[in-house]
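Working through the structure, step by step
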Amino acid sequence: MAQADGHSLASADFKRRSVLGEFGLLEESPSASAARALNFLVDLAAKLCGVPFSVVNIITPEQQVQLAAAGLKPGLCAREDSMCAKVFQQGRTTVVPDAAADPRFAANPFVTGEIASVRFYASSPLLTGSGFALGSLCVFSDAPATLSAEQTAMLDVLAAQVVEVLELQHRTLQLQHALEELGRSNRKLADFAGRVSHDLRIPLTTILGYVELSEDDEDIRPGSPAAGYLEHIGGSGRRMLSMLDGVLSYSQVGGMLRPRPVSLKDTVAAAVSDLGDGFSVDGGLECEDAEVLADPAQLRSLLQNLLGNASNYRSPARELKVKVYALADDRGVTVRVSDNGKGISAADRERVLEPLVRLHRPGDAPGSGLGLATCVRIVQSHGGELSVTETPGGGTTVSALFPKGGPHESA
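Attention in this report is confined to the structure presented alongside it. (Residues numbered from 1 in each chain as written. Predicted model: local features only at pLDDT ≥ 70, side-chain atom pairs only at ≥ 80, totals over all residues. Heavy atoms only, no water.)

1. Observations regarding the overall build of the chain
The helix and strand inventory of the chain stands at eight helices and 13 strands. A buried classification covers 42% of the 411 residues belonging to the chain. (Helix = DSSP H or I, 4+ residues; strand = E, 2+ residues; numbered from the N terminus. Buried < 20%, exposed > 50% of the residue type's maximum accessible area, 1.4 Å probe, protein only.)

2. Observations regarding helix α2 (residues 32–49)
With 18 residues, α2 ought to run about 26 Å at 1.5 Å a step, and its terminal C-alpha atoms sit 26 Å apart, in line with that. Listed as buried for α2 are Ala34, Leu38, Leu41, Val42, Ala45, Ala46 and Cys49. For α2, the angular spread of the buried residues around the axis is 135°, confining them to a single face. In α2, the exposed residues that point more than 90 degrees away from the buried face are Ala32, Arg36, Phe40 and Lys47. Note on α2: the residue one or two positions beyond its end, glycine 50, has a positive phi of about 65°. (Expected span 1.5 Å × (residues − 1). Arc of directions from axis to C-beta.)

3. A word on the pairing of strand β6 (residues 133–141)
Judged by how many residues are buried, β6 sits mostly within the fold: nine of nine residues are covered. Note: strand β1 (residues 53–59) against β6, six bridges, orientation antiparallel. Note on β6: the bridge partner recorded for isoleucine 58 is glycine 135. Note that strand β5 (residues 120–127) and β6 share seven bridges and pair antiparallel. In the sheet register, tyrosine 121 faces β6, and the bridge partner there is phenylalanine 140. (Pairing = 2+ DSSP bridges.)

4. Regarding the side chain of threonine 396
Following the sequence through the fold, threonine 396 ends up in strand β13 (residues 396–403). In this structure, threonine 396 is in contact with Val337, Ser338, Asp339, Gly343, Ile344, Val388, Thr389 and Thr391, ignoring residues within four places of it in sequence. (Contact = heavy atoms within 4.5 Å.)

5. Some remarks on the sheet that holds strand β4 (residues 94–96)
The strands making up a sheet associate through backbone hydrogen bonding, with each pair oriented either parallel or antiparallel. An order of β3-β2-β1-β6-β5-β4 is seen for the six strands of this open sheet, with the pairing classed as antiparallel. The two strands at the open ends of the sheet, each matched to only one other strand, are β3 (76–78) and β4. Shown here is a sheet whose adjacent strand axes are inclined to one another by a mean of 25°, direction ignored. Here β1 pairs with strand β2 (residues 63–70) via six bridges, running antiparallel. Pairing of valine 55 across the sheet is with alanine 69, part of β2. (Axes fitted to C-alpha atoms, helices over the stretch in contact; angles between N-to-C directions.)

6. So, the environment of aspartate 142
Looking at the secondary structure, you find aspartate 142 in the loop between β6 and α4 (149–215). You can call aspartate 142 exposed: its relative accessible area is 55%. With 22 residues separating them in the primary sequence, aspartate 142 and phenylalanine 120 have C-alpha atoms 6.5 Å apart. Setting aside residues up to four positions removed in sequence, aspartate 142 forms contacts with Ser117 and Arg119.

7. Here we look at the pattern of salt bridges
A full pass over the atoms with the stated rule returns six salt bridges. Note that lysine 323 and glutamate 288 form a salt bridge whose closest N and O atoms lie 3.6 Å from each other. With lysine 323 in strand β10 (residues 322–328) and glutamate 288 in the loop between β8 (285–287) and β9 (291–294), the pair connects residues that are 35 residues apart, well separated along the chain. Accessibility expressed as a relative area gives 30% for lysine 323, which makes it partly exposed. With a closest N to O distance of 3.8 Å, aspartate 329 and arginine 331 form a salt bridge. Classification of aspartate 329 as partly exposed rests on a relative accessible area of 37%. Salt bridges linked by common partners bring Asp329, Arg331 and Glu385 together as one network. (Salt bridge = Lys/Arg side-chain N within 4 Å of Asp/Glu carboxyl O.)

8. Side note on the packing of aromatic side chains
Enumeration over the complete set of coordinates arrives at two aromatic pairs. Where phenylalanine 53 meets phenylalanine 140, the ring centres are 5.2 Å apart and the plane angle is 20°; that geometry is what we call stacked. Taken together, the positions of phenylalanine 53 in strand β1 and phenylalanine 140 in strand β6 put the pair 87 residues apart, joining distant regions of the chain. Overall, the relative accessible area of 22% leaves phenylalanine 53 in the partly exposed class. Plain terms: the ring middles of phenylalanine 105 and tyrosine 121 are 5.5 Å apart, the flat faces sit at 50° to each other, and that makes the pair tilted. Of the two residues, phenylalanine 105 is situated in the loop between β4 and α3 (109–112) and tyrosine 121 in strand β5; the sequence distance between them amounts to 16 residues. Of the two residues, phenylalanine 105 and tyrosine 121, neither departs from the other in class, the shared state being buried. Between the NZ or CZ atom of lysine 323 and the centre of the ring of tyrosine 325, over which it lies, the distance is 5.0 Å. (Phe/Tyr/Trp six-rings, centres within 6.5 Å; stacked < 30°, edge-to-face > 60°. Lys NZ or Arg CZ within 6 Å of the ring centre and 35° of its normal.)

9. Quick word on the packing of helix α7 (residues 296–312) against helix α8 (residues 371–381)
Running from amino to carboxyl end, α7 crosses α8 at an angle of 150°, the nearest separation of the two axes being 9 Å. Considering their axes alone, α7 and α8 lie roughly antiparallel with respect to each other. As for the relative orientation of α7 and α8, their crossing is left-handed in sense. Along its contact with α7, which presents Gln298, Ser301, Leu302, Asn305, Leu306 and Asn309, the element α8 presents Gly371, Leu372, Thr374, Cys375, Ile378, Val379 and Ser381. Split into classes, the residues belonging to the contact of α7 with α8 amount to six nonpolar, seven polar and no charged. (Parallel < 35°, antiparallel > 145°, perpendicular 65-115°, else oblique. Left-handed = near helix turned anticlockwise from the far one by under 90°. Nonpolar A, V, L, I, M, F, W, Y, C, P; charged D, E, K, R; others polar.)

10. A few points about the sheet that holds β8
One open sheet accounts for five strands, arranged β8-β10-β11-β13-β12; its pairing is mixed. The outermost strands of the open sheet, each flanked by one partner alone, are β8 and β12 (386–390). Looking at each pair of strands side by side, their axes are set apart by 20° on average, direction ignored. Sheet topology places β10 next to strand β11 (residues 332–339); seven bridges connect them, and they run antiparallel. Along β11, the bridge assignment pairs tyrosine 325 with arginine 336. Against the sheet, helix α6 (residues 264–275) makes contact with β8, β10 and β11, and its axis sits at roughly 150° relative to β8, the strand it touches most. This element, α7, spans β8, β10, β11, β12 and β13 of the sheet and lies at about 25° to β11.

See the structure below:
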């Protein structure tokens, strides 16, 4: 029986240590905002109950930790010395008019004068949504007293508010850990993609080199089956090389951002230069200048992808016209690239933002299906959002919001 009780106690201690660790209550101090809120709540609890002292106590397997206190400096004590540790798991408020006359506390060092001389004591358990007791919000004084029904109810309300503060800190820690894990995962993805791209690029470029040499071979007549085979091999190899470039670019988005004010017009000019002979706009490219808070290289990559799409998916029925402009509001600056090309049907506008999705429409230029997905990652890494709509009169308009405060201040 003793062995079973010991096992049960060890299991309870393990669970307590695990839950308190998830809440960041074992080693970390409360965040600055959480500390301010807790100090406000203990001050309010003391005033409402008409006593000089109030404390938020967290009970670990070994000790009592005071996160915030009114009327005294927060400290630590052994769990066996804690008054709250004796009652906090009962699931109800405890009110003791005179602890010296209560058999549960009469010999406690906080009552006998060894640590303090508590007489009046009241506490409300800090219960999470799952019913787990983190500790208690307690009020006390060195003279006998009691609480009215209204004061007891208010103590319970304040205890619930303490739990809200601690659970908010819990969710914040979870988010921080998730972001850290995402960062590690993205770094691994970028490293892996870089290695794979390098390892595949070398033999692929070798194959393409031999294809070019073979195409210049006088023994292979134009129009012969062998020439056709080489043409297919070369086309497939170049598409694969383009796919490798796309995968590498997609994996590297959102790494070390260096946002600064950037000229939209200058970045568009640089993107057009990057596209080279593969980019042409029959009816003209119109660009209005604006200042965008963004990483220059990633904004350039975004515009290169969007302008390339406008050129590749033009409408055969009209000359291509592209307009790049920006709209500023309280959220930040929205960069828009609007064309009068083929457009994207409403049913496909969400789908084309996913990686490796292509529409396979008649007459569409070849692509990797990673261009718009890369644009989404670029904008999201800045804390913004990207959307696709129809250009009035036909075509596609892509809107990319770059928040006013940069990557750490999302709209």
